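The chain contents come next:
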Amino acid sequence: MAELFLARSTDPARSSEVVVVKRVLPQFVQDIQFARMFAREAALASLLKHPNIVEVFGSEGINESECFFAMEYVHGPDLSGLLKQLKEHNI
């Protein structure tokens, strides 16, 4: 329902940072209920502040024609890979 991109921040204070942009797939943008749900996700996630939760930088890209938001990029293995390794080692 959404796709992720790596990007550089447009914020001058964060210009060297790589961020993740989460964008709703085009076929779902016109679904008003889905767009509202996505906007709520961005708004709620941006309120969460904890060292173990990626930071969401806002929801400026949520409007009638597109839905996206940026979030902190955490370099490392993905969760599915870690879970696969744990399962292979019976941990």
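Just so you know, these numbers come straight off a predicted model, no measurement behind them.

Rules used throughout
Residues numbered from 1 in each chain as written. Predicted model: local features only at pLDDT ≥ 70, side-chain atom pairs only at ≥ 80, totals over all residues. Heavy atoms only, no water. Phe/Tyr/Trp six-rings, centres within 6.5 Å; stacked < 30°, edge-to-face > 60°. Buried < 20%, exposed > 50% of the residue type's maximum accessible area, 1.4 Å probe, protein only. Patch = residues over 30% accessible without salt bridge, like charges linked within 9 Å, V, L, I, M, F, W, Y side chains within 5 Å. Areas by Shrake-Rupley, 256 points an atom, 1.4 Å probe, with all protein chains shown as cover. Salt bridge = Lys/Arg side-chain N within 4 Å of Asp/Glu carboxyl O. Helix = DSSP H or I, 4+ residues; strand = E, 2+ residues; numbered from the N terminus. Core = buried A, V, L, I, M, F, W, Y, C linked by side-chain atoms within 4.5 Å. Expected span 1.5 Å × (residues − 1). Arc of directions from axis to C-beta. Contact = heavy atoms within 4.5 Å.

## Observations concerning the packing of aromatic side chains
Item 1. Summed over the entire model, instances satisfying the criterion amount to two aromatic pairs.
Item 2. Ring geometry for Phe 28 versus Phe 34: centroids 5.4 Å apart, planes at 35°, classification tilted.
Item 3. By relative accessible area, which is 24% here, Phe 28 ends up partly exposed.
Item 4. Since its relative accessible area comes to 9%, Phe 34 is described here as buried.

## Considering a nonpolar patch on the surface
Item 1. Taken together, the side chains of Leu 79, Leu 82, Leu 83, Leu 86 and Ile 91 present a nonpolar region at the surface, about 510 Å² in accessible area.
Item 2. Tracing the backbone shows Leu 82 in helix α3 (residues 79-88).

## Focus on the nonpolar core
Item 1. Grouped together as the largest cluster of nonpolar side chains are twelve residues: Val 20, Val 24, Val 29, Phe 34, Ala 35, Phe 38, Ala 42, Ala 45, Val 56, Cys 67, Phe 69 and Met 71.
Item 2. Contributing elements (two or more residues each) for this core: β2 (18-24), α2 (32-47) and β4 (67-72).
Item 3. Looking at which element gives the most residues to this core, the answer is α2, with five residues.

## Here's the deal with α2
Item 1. The first and last C-alpha atoms of α2 sit 23 Å apart over 16 residues, in line with the 22 Å expected at 1.5 Å per residue.
Item 2. Taken together, the buried positions of α2 are occupied by Phe 34, Ala 35, Phe 38, Ala 42 and Ala 45. Taken around the axis of α2, the buried residues stretch over an arc of 100°, which confines them to a single face. Seen from the buried face of α2, the exposed residues on the opposite side, beyond 90 degrees, are Ile 32, Gln 33, Arg 36, Leu 44 and Leu 47.

## Thoughts on the environment of Glu 41
Item 1. Here Glu 41 shows up in helix α2.
Item 2. Overall, Glu 41 belongs to the partly exposed group, its relative accessible area being 34%.
Item 3. Measuring from C-alpha to C-alpha, the distance between Glu 41 and Val 56 comes to 9.9 Å, with 15 residues separating the pair along the chain.
Item 4. Beyond its immediate stretch of four places on either side in the chain, Glu 41 contacts Lys 22 and Phe 69.

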